[in-house]
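# Residue-level structure breakdown
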Amino acid sequence: MEPTAVVAGGGIAGLASALGLAQAGWQVTVLEQATELGEVGAGVALARNGVAALRGLGFDDSAIESLGVPTRAGGVYDLHGRPIRPIADDVDAVAMRGVHRARLHSALLQRVRDLDVDLVTGITVTGARPGSPDGEQAAVRTTGAEHAADLVVAADGVRSAVRTALTPSARAAYSGYSSWRAVTPLALQPSVLRQYWGPHAEFGTMPVGPDQTYWYGYVKMPEGFRLPDEHAAARDRFADWAPEIVDLIEQTDPGAVMRHDVLHLPGGMPRYVIGRVVATGDAAHGGLPTVGQGAATALEDGISVARLVGAPVAAGRPLAAALADYDSQRRPRCRAISRTALVTARLGSHLGPRFQGLRNTLVRMAPTSAISRGADAVMGWNPPA
């Protein structure tokens, strides 16, 4: 009989996990709270590790090229647009693809549907039962029902109901920052990912298509703060920043601007495996967005579930050993990336006005070799064999 899996969450981590498990011969069900599967209008900086994960999931060159445009990290600038640490064109370590998040999600969703994965929408996960690798199945609880399986994948985001049920001490926390995001139909010049740092704020721009630019404005703000007009608020907040930032916000359709409070999971889960439950994406290790690795590590988790758990168990390996491999490989790496994101935040967008000049001087002194080594440590990942 085919082994069975229930995936809680139909975002990028959930669909990548479902796709990998289905390719490994598992019978998979995805449970998603939203009534329709989809993603928001935002961008993803898909670095080399994210591309490697997609290749592991069966995406060929043509499919990857169709997701977005080639770009690279162009460096950091101050709020007035003056260079702090630009990155030269020949630094290959920072190459990436600028991808519209909805386009990536749609591509994963289509492949999941092609494999006849059972997609159940409009269903709220309220808890979970871990089961035992050598005994009873795990289960996901929803309103009035329980969905049992040989494996449960917790991919239900930073507010994960599955994680809360099994590890109540691992709680999401507000970062102190909120982020505006939008995609606008404009060609970006230069066509690179560029970040601007100011006191308690960061602005970023990146191409996600030949004539599509993604931008974000990440700012210190009280949790749950309400604004009557998000577009106007973003325009006012960055009114004295670089002219290209002011122009980009001004030319953005107000209806395309959204904002969300940024939550993270300090330290991540103490273990990514509990019983027959394996955690992926933000449910396991939701970090700050300051190194742009959320989507890439979600894809990494998905192919790792398939390569370390799905295929070996389908071939007869004991589930307990396979799950232990997943935890031992994914947890140290994702913790290290989350720590890097925290340090980057403290040095960059979370820094107040007092130390801006000193920080800028120190960052300017960073050698290109250090940038390449740092990029390789995060982005130079390949799926497990």
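Please refer to the structure higher up on the page.
Below is a summary of the structure that appears in this document. (Residues numbered from 1 in each chain as written. Predicted model: local features only at pLDDT ≥ 70, side-chain atom pairs only at ≥ 80, totals over all residues. Heavy atoms only, no water.)

### Side note on the overall build of the protein
Cut-off, in case you're wondering: Only DSSP runs of H or I reaching four residues or more are called helices, and only runs of E reaching two or more are called strands; each is numbered from the N terminus. Note on exposure labels: buried denotes an accessible area under 20% of the residue type's maximum, exposed denotes more than 50%, and partly exposed covers the range between, all computed with a 1.4 Å probe on protein chains only. Whether two residues touch is decided by their heavy atoms; if any such pair falls within 4.5 Å, the residues are in contact. Areas reported as accessible are Shrake-Rupley estimates using a 1.4 Å probe. Residue values count occlusion only from the protein chains shown. When charges are counted, Lys and Arg are positive and Asp and Glu negative, with His and the chain ends excluded. We put the charge of a Lys on NZ, of an Arg on CZ, of an Asp on CG and of a Glu on CD.
When helices and strands are tallied, the protein shows twelve helices and 18 strands. Counting all 385 residues of the protein, 55% fall into the buried class. Relative to all contacts within the protein whose residues are 6 or more apart in sequence, the contacts with residues 24 or more apart total 74%. Of the roughly 16000 Å² of accessible surface on the protein, a fraction of 52% belongs to carbon and sulfur atoms. If the 36 positive side-chain charges of the protein are averaged to one point and the 37 negative ones to another, these points end up 8 Å apart.

### A look at the side chain of Thr 290
The test is simple: What qualifies as a polar contact is a pair of N or O atoms within 3.5 Å, subject to a donor-acceptor requirement within protein and to the restriction that residues adjacent in sequence count only when both atoms come from side chains.
Counting through the fold element by element, Thr 290 comes out in the loop between α8 (281–285) and α9 (294–314). At 2.5 Å, the side chain of Thr 290 and the backbone oxygen of Ala 341 are in polar contact. If we ignore the near neighbours within four places in the chain, the residues touching Thr 290 are Tyr 218, Ala 341, Leu 342, Thr 344, Ala 345 and Ser 349.

### Details of the packing of helix α1 (residues 12–23) against helix α4 (residues 101–114)
Rules: Angles run from 0 to 180 degrees between N-to-C directions of axes, and those axes are lines fitted to C-alpha atoms, restricted for helices to the stretch in contact. Put simply, angles under 35 degrees are roughly parallel, angles over 145 are roughly antiparallel, angles from 65 to 115 are roughly perpendicular, and the rest are oblique. Each crossing is labelled by how the near helix is turned from the far one, with a counterclockwise turn of less than a right angle marking it left-handed and a clockwise turn marking it right-handed. Basically, the charged four are Asp, Glu, Lys and Arg, the nonpolar ten are Ala, Val, Leu, Ile, Met, Phe, Trp, Tyr, Cys and Pro, and anything else, Gly included, counts as polar.
Where α1 meets α4, the axes come as close as 9 Å, and the angle between the chain directions of the two elements is 30 degrees. Regarding the angle of α1 to α4, the classification is roughly parallel. Handedness of the crossing formed by α1 with α4: left-handed. Taken together, the residues of α4 that come into contact with α1 (itself represented by Ile 12, Leu 15, Ala 18 and Leu 19) are Arg 101, Leu 104, His 105, Leu 108, Leu 109, Arg 111 and Val 112. In terms of residue class, the contact of α1 with α4 is made up of eight nonpolar, one polar and two charged.

### Topic: the packing of aromatic side chains
Filter applied, for reference: When two rings of Phe, Tyr or Trp (its six-membered ring) have centres within 6.5 Å they constitute a pair, described as stacked for plane angles under 30 degrees, edge-to-face for angles over 60, and tilted for the intermediate range. Counting as a charge over the ring demands two things of the Lys NZ or Arg CZ atom: a distance within 6 Å of the ring centre and an angle within 35 degrees of the ring normal.
Tallied over the entire structure, the rule returns seven aromatic pairs. When the ring of Trp 180 is compared with that of Phe 238, the centres are 6.3 Å apart and the planes differ by 75 degrees; the resulting orientation is edge-to-face. Of this pair, Trp 180 sits in strand β12 (residues 173–184) while Phe 238 is found in the loop between α6 (230–237) and α7 (243–250), placing the two residues 58 residues apart along the sequence. Every member of this aromatic cluster is reached through a ring pair, and the members are Trp 180, Phe 203, Trp 215, Phe 238 and Trp 241. Across the ring face of Phe 59, the terminal group of Arg 111 is positioned such that the distance to the ring centre comes to 3.8 Å. Here Arg 237 stacks its cationic end above the ring of Phe 238, 5.7 Å away from the centre of that ring.

### Let's talk about the pairing of strand β6 (residues 95–100)
Rules: Pairs of strands are assigned from DSSP output, requiring at least two bridges between the strands.
For β6, the buried fraction is high: five of the six residues fall into the buried class. Both strand β3 (residues 43–47) and β6 contribute to a ladder of five bridges, which runs antiparallel. Bridge pairing in β6 places Val 44 opposite Val 99. Where strand β4 (residues 68–78) lies against β6, five bridges are found, and the strand directions are antiparallel. The partner of Arg 72 across the bridge, within β6, is Ala 95.

### Some words on α9
Here is the rule we go by: How far a helix is expected to stretch is found by multiplying one less than its residue total by 1.5 Å. A residue's bend is given by the angle between axes fitted to the 7 residues ending at it and the 7 residues starting at it.
Between its terminal C-alpha atoms α9 stretches 29 Å, which fits the 30 Å expected from 21 residues at 1.5 Å a residue. Its axis deflected by about 30 degrees at Ala 306, α9 carries its strongest bend there. Taking burial as the measure, the 21 residues of α9 include 17 buried ones, the bulk of the element. Trailing α9 by a residue or two, Gly 316 shows a phi angle of about 110 degrees, which is positive.

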